[in-house]
Amino acid sequence: ELWKSFLNLKSFLFSYFSFRMIYTKRSDVLMMTPWFAPIVWEGTYNSEILNEQFRQRNVTVGLTVFLACGRSAEATGPTFLETAETYFMVGHRVNYYIFTDRPEEVPKVALKEGRNVVVLQVQNYPRWQEISMRRMEMLSYFSQQRFINEVSYLVCVDVDMKFNDQVGVEILSDLFGTLHPGFYTAERRSFTYEHRPASQAYVPSDEGDFYYAGGFFGGTVTEVYKLTKKCHEAIMVDKANGIEAIWQEESHLNKYFLYHKPTKILSPEYLWDDNLGRPEILKKRRFLAVPKNHAAIRNK
Amino acid sequence: MSYPQPFVDKPQRTDVLLVSPWLAPIVWEGTFNRDILNAQYRQKNFVVGVATFAVKKYVRFIEGFLGSANKFFLSGHRVNFYLFTDHPEKVPSINLAPEKRLFIIPVQNYSRWQDISMNRMDIISNHIHSHWRYEVDYLYSMDIDVQMFEHIGVEIIDTLVGTISSWQYTKPRDSNSYERHPESRAAIPHGEGDFYYAASFYGGSVSEVYKLTTACFKGVTEDRANGIEAKWHEESHLNKYLLYHKPTRLLSPEYYWDEELIRPRIIRVKRLSSVRKDLQELERLTLLLGGLRELLVPCSSLDSLVSFFFCREAKCVL
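Source: prediction; values computed, not measured.

Rules and cut-offs
- Residues numbered from 1 in each chain as written.
- Chains lettered and ligands numbered in written order.
- Predicted model: local features only at pLDDT ≥ 70, side-chain atom pairs only at ≥ 80, totals over all residues.
- Heavy atoms only, no water.
- UniProt positions renumbered as here; feature names shortened; annotations may be inferred.
- Helix = DSSP H or I, 4+ residues; strand = E, 2+ residues; numbered from the N terminus.
- Contact = heavy atoms within 4.5 Å.
- Phe/Tyr/Trp six-rings, centres within 6.5 Å; stacked < 30°, edge-to-face > 60°.
- Buried < 20%, exposed > 50% of the residue type's maximum accessible area, 1.4 Å probe, protein only.
- Polar contact = N/O pair within 3.5 Å; in protein donor to acceptor, adjacent residues only side chain to side chain.
- Salt bridge = Lys/Arg side-chain N within 4 Å of Asp/Glu carboxyl O.
- Pairing = 2+ DSSP bridges.
- Axes fitted to C-alpha atoms, helices over the stretch in contact; angles between N-to-C directions.

## Overview of the UniProt feature "active site" (unreviewed entry) in chain B
All names here are of chain B.
Link 1 in the chain: This chain's UniProt record puts "active site" (unreviewed entry) on Glu235.
Link 2 in the chain: As for its position among the elements, Glu235 is in helix α5 (residues 234-244).
Link 3 in the chain: If we ignore the near neighbours within four places in the chain, the residues touching Glu235 are Tyr196, Tyr197, Ala198 and Ala199.

As structure tokens, then:
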């Protein structure tokens, strides 16, 4: 029986090394939240495995953007769509849902197989803040009316961006949010949550997990519907009470994610602004802000 | 609810893998907040079922299993224990917590323990189909010859859950634990494999466990028809299934620790472990390690190396 004891010792020693050796590819970042939502960083996932899982299910992903609506479509539209063709959900079925008040200005971009553009005409609003907040209303309406029958997942992003690297099925989950690039190492007290109790977006000062960016969130159609509906209702209540949350729908999004925790979180690789530099922690910059012409779009 | 802020640049643990390559969480001590999880879970009013088999001499483990599970398993949440036994009269009476229920189900025994083991899959899939799918939301299969020493809570609840074996001591692709003979339905080709999963503790949603047990037992039946038996019986079939239907959550070896092994430091908590079957084994190992220490040139760095490797309880024995 001595051989068994030897085997035991050997197995024990190897077990110590093997758990360590095989796997810790990123030891510099938080890979999972305390409620088991993975945080997606380069080096934490295997695209081949994930692509095969999602291909087997033949999922279609909806990507929603709000185009023009007060800004020049020429500045942002083509770059967004062209780079999406190169980097977004490559190899999977994609519907681009383009909300616009000027359907004639939607750029014509050559699309790969299995990918479609759907133009949805919507009302324009004079203030950009209003446009921003009405997105929640429009997303919830169309989720119920249309998206639920056409796609499995929705990805809701800002349009003044361009794709710069892979954004694939690794992001998909029941409900996901993205870490805001300006706050991912900040302390809770610096998060720009709405702190006025009068607003529906109010978050008490001793609470909060992360500060999520309003420019990139998503999930299954059902979950996105619930989120956008809740946020829209909260915005309307605020309106009736004569208050507007400090960062508009982003404030309401953050409140929602605190009490309905995301099942997956995207690292700032997925929403970056080169003005913030290139920190060591950022191995990829997948989705980048395109420089805005602020003077042209900000209200006087 | 108030709790410390999680920090993006401060990982909880850097000594072990926390997320699988397909982004399934791996449950280790120190990585989760059970209060948050409980708050999420309670809203949903789930019932969890546990299937376990105590056949022939294994009836002697019932008391230890149920007693410790009553205390440590999903404490405060509703659980139905489904105990299959060929000696229902030998089941001791145990005072269970109010949200825990025990169902004793008579079952046939087989002469070969391997057959008892492998037929568990069939029994489980039949019972899910006939009535468990109406009674529980999640179902777990556990060996009876185990005891729990620490809380096992809602962190185990997910769609398809496998436990990483405490015997995994080589890179999984090179592992010789997988069944490799191509004639067996459980065969995994060389170069493939994610982890080696223990058949002693697995589970998930009722529908997923139904699919798993049905598929595994189909493999067992086909092997039998061809006169083959997989190396580690239904565990081999389980590993094949979980390779091609990847779990949505993995439990670290904290959740099933083979008592024969000495626990390394990365296993900070022993939540559930097999019951020590043979104390003689432990004595022999102790002697071996003691002798090993004698042979090595004594020096402070070696002593600290040895103590670094071994957890406190083994140190006392040494």
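## Considerations on the packing of aromatic side chains
Link 1 in the chain: Applying the stated criterion across every chain, the model contains 37 aromatic pairs over all chains.
Link 2 in the chain: Residues Phe46 of chain B and Tyr138 of chain B carry aromatic rings whose centres are separated by 5.1 Å and whose planes lie at 80 degrees to one another, so their mutual orientation is edge-to-face. Here the residue Phe46 of chain B occupies a position in the loop between α1 (34-42) and β2 (48-54), and Tyr138 of chain B occupies one in strand β5 (residues 138-142), the gap between them amounting to 92 residues.
Link 3 in the chain: Residue Tyr138 of chain B is classed as buried on the basis of its relative accessible area, which comes to 15%.
Link 4 in the chain: Look at Tyr58 of chain B and Phe61 of chain B: their rings are 5.5 Å apart centre to centre, the planes differ by 55 degrees, and that puts the pair in the tilted class.
Link 5 in the chain: Taken together, the ring pairs in this structure connect Phe80, Phe88, Phe163, Phe176, Phe216, Tyr270 and Phe287 of chain A into an aromatic cluster.

## Looking at the UniProt feature "binding site: UDP-N-acetyl-alpha-D-galactosamine" (unreviewed entry) in chain B
Residues and elements named next belong to chain B.
Link 1 in the chain: Residues given the UniProt feature "binding site: UDP-N-acetyl-alpha-D-galactosamine" (unreviewed entry) here are Phe53, Ala54, Val55, Tyr58, Asp143, Ile144 and Asp145. Spatially, the listed residues are clustered: although they cover 93 residues, their C-alpha atoms lie within 11.1 Å of one another.
Link 2 in the chain: Here Asp143 is to be found in the loop between β5 and β6 (146-148).
Link 3 in the chain: Residue Asp143 is classed as buried on the basis of its relative accessible area of 12%.
Link 4 in the chain: Leaving out residues up to four positions away in the same chain, Asp143 has contacts with Thr52, Phe65, Arg120, Ala199, Ser200 and Tyr256.
Link 5 in the chain: Side chain to side chain, Asp143 and Arg120 meet in a polar contact 2.9 Å long.

## So, the pattern of salt bridges
Residue and element names in this part refer to chain A.
Link 1 in the chain: All chains considered together, the criterion is met by 41 salt bridges over all chains.
Link 2 in the chain: Residues Glu85 and Arg115 are paired through a salt bridge, measuring 2.7 Å at the closest nitrogen-oxygen approach. With Glu85 in helix α3 (residues 73-87) and Arg115 in strand β4 (residues 115-121), the pair connects residues that are 30 residues apart, well separated along the chain.
Link 3 in the chain: Glu85 gets classed as buried once you look at its relative accessible area, which sits at 5%.

## Here we look at the environment of Gly219 of chain A
All names here are of chain A.
Link 1 in the chain: Assignment of secondary structure puts Gly219 in strand β8 (residues 212-220).
Link 2 in the chain: In sequence terms Gly219 and Asp174 are 45 residues apart; their C-alpha atoms lie 4.7 Å from each other.
Link 3 in the chain: With sequence-adjacent residues up to four places away left out, Gly219 is seen in contact with Ser152, Tyr153, Leu154, Ser173, Asp174, Leu175, Phe176 and Val224.

## Description of the side chain of His77 of chain B
Residue and element names in this part refer to chain B.
Link 1 in the chain: In this structure, His77 sits in the loop between α2 (62-72) and β3 (79-85).
Link 2 in the chain: Under the relative-accessibility criterion, His77 is labelled buried at 6%.
Link 3 in the chain: Leaving out residues up to four positions away in the same chain, His77 has contacts with Asn38, Tyr41, Arg42, Glu99, Lys100 and Val154.

## Here we look at the UniProt feature "binding site: UDP-N-acetyl-alpha-D-galactosamine" (unreviewed entry) in chain A
Residue and element names in this part refer to chain A.
Link 1 in the chain: In the numbering used here, UniProt assigns the "binding site: UDP-N-acetyl-alpha-D-galactosamine" (unreviewed entry) feature to Asp158, Val159 and Asp160.
Link 2 in the chain: Here Asp158 shows up in the loop between β5 (153-157) and β6 (161-163).
Link 3 in the chain: Overall, Asp158 belongs to the partly exposed group, its relative accessible area being 22%.
Link 4 in the chain: The contacts of Asp158, once residues within four sequence positions are left out, are Val65, Phe80, Arg135, Gly215 and Phe287.
Link 5 in the chain: Of the polar contacts made by the side chain of Asp158, one reaches the side chain of Arg135; its length is 2.8 Å.
Link 6 in the chain: Mapped onto the fold, Val159 is located in the loop between β5 and β6.
Link 7 in the chain: Among the residues examined, Val159 registers a relative accessible area of 10% and is labelled buried.

## Notes on the environment of Arg285 of chain A
Residues and elements named next belong to chain A.
Link 1 in the chain: Within the secondary structure layout, Arg285 lies in the loop between β9 (264-266) and β10 (287-289).
Link 2 in the chain: Residue classification places Arg285 among the buried residues on the basis of a relative accessible area of 16%.
Link 3 in the chain: Once the C-alpha coordinates of Arg285 and Thr60 are considered, the two residues, 225 residues apart in sequence, prove to be 24 Å apart.
Link 4 in the chain: Ignoring any residue separated from it by four or fewer positions in sequence, one finds Arg285 in contact with Asn164, Asp165, Glu269, Trp272, Asp274 and Arg278.
Link 5 in the chain: Polar contacts involving the side chain of Arg285 include one to the side chain of Asp274, which spans 2.9 Å.

## Overview of the side chain of Asn38 of chain B
Residue and element names in this part refer to chain B.
Link 1 in the chain: Mapped onto the secondary structure, Asn38 falls in helix α1.
Link 2 in the chain: For Asn38, a relative accessible area of 16% gives the class buried.
Link 3 in the chain: A polar contact is formed between the side chain of Asn38 and the side chain of His77, at a distance of 2.8 Å.
Link 4 in the chain: Beyond its immediate sequence surroundings of up to four residues, Asn38 is in contact with His77 and Val154.

## Digging into the sheet that holds β4 of chain A
Hydrogen bonding along the main chain pairs the strands of a sheet, whether they run parallel or antiparallel.
All names here are of chain A.
Link 1 in the chain: On the basis of which strands lie adjacent, the open sheet formed by eight strands has the order β1-β9-β7-β8-β5-β2-β3-β4 and mixed pairing. Either end of the sheet is taken by a strand with one partner, and the two such strands are β1 (39-40) and β4.
Link 2 in the chain: Direction of pairing for β1 relative to β9: parallel, over a ladder of two bridges. The residue bridging Ile39 from the neighbouring strand is Ile265, located in β9.
Link 3 in the chain: Lying on the sheet, helix α4 (residues 128-150) is in contact with β2 (60-67), β3 (93-100), β4, β5 and β8; it crosses β3 at an angle near 145 degrees.
Link 4 in the chain: Where helix α5 (residues 221-240) meets the sheet, it contacts β5, β7 (175-179) and β8, and its direction lies at approximately 140 degrees from that of β8.

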